[in-house]
Amino acid sequence: GGRGASRAKVVCGGQPASAGMEQILRLANPWSLPLPLWIAAVVAKETMLQCLDAAVGRIAARIEPLPSRKGPKPLPQRPLDRTDLAYLACNACIETAFVGHLLRHALYGEGVDRSLSSLGLLNGPAALWLLIVSNDMLYAPFHRALHHPRLYAWI
């Protein structure tokens, strides 16, 4: 069972899911959305991210590049291949599951005061900013490490 909101029994292929499969499905789909709606959530999230990325790109075009982005040795760029696209698709699904869990906890989690009077600068915008920064502080170095030739060969 879930906290706060009732949750329907997970069904996989028209049959009730086993306990292990149910845990996996809940991990990927915390709201127990039907597959088409879950896919629509992934598409909606990716669309919003692409819009944000385009806006940041327009702003960044007006700012002087960082020292690592200019100079005699430009960063190598190559077109995305099928493997890259597969990893990006997996990442989009993982991000959607994470956002789903975050929203579910914010809306139904025990100990979360959802009254308007409890919302402040530190537990609202600052907390969201810290979540994003903390995620990037972990993600960026691990992502860079995965591109090291000794590790990249195994990916």
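The shown structure was predicted, so the numbers you read here are calculated from the model rather than taken from an experiment. (Residues numbered from 1 in each chain as written. Predicted model: local features only at pLDDT ≥ 70, side-chain atom pairs only at ≥ 80, totals over all residues. Heavy atoms only, no water.)

1. Some thoughts on helix H2 (residues 35-60)
For H2, built from 26 residues, the straight-helix expectation of 38 Å at 1.5 Å per residue is met to within 8% by its first-to-last C-alpha distance of 37 Å. Taken as a whole, H2 has its buried residues at Trp 38, Val 42 and Lys 45. Where the residues of H2 are buried, they touch helix H1 (19-28) and helix H3 (82-108). (Helix = DSSP H or I, 4+ residues; strand = E, 2+ residues; numbered from the N terminus. Expected span 1.5 Å × (residues − 1). Buried < 20%, exposed > 50% of the residue type's maximum accessible area, 1.4 Å probe, protein only. Contact = heavy atoms within 4.5 Å.)

2. Topic: the environment of Val 43
Along the chain, the position of Val 43 falls in helix H2. Taking the C-alpha atoms as reference points, Val 43 and Ala 92, separated by 49 residues in sequence, lie 8.8 Å from one another.

3. Overview of the pattern of salt bridges
Considering all chains together, one arrives at 4 salt bridges under this definition. With a shortest N-O distance of 2.8 Å, Lys 45 and Glu 95 are connected by a salt bridge. Separated by 50 residues along the polypeptide, Lys 45 in helix H2 and Glu 95 in helix H3 bring together distant segments of the chain. Residue Lys 45 is classed as buried on the basis of its relative accessible area, which comes to 12%. Residue Glu 95 is classed as partly exposed on the basis of its relative accessible area, which comes to 29%. Of the charged contacts, one joins Asp 84 and Arg 78 as a salt bridge, the two residues approaching to 2.8 Å between their closest N and O atoms. We classify Arg 78 as partly exposed; its relative accessible area is 46%. The structure contains a network of salt bridges with shared partners spanning Lys 45, Glu 46 and Glu 95. (Salt bridge = Lys/Arg side-chain N within 4 Å of Asp/Glu carboxyl O.)

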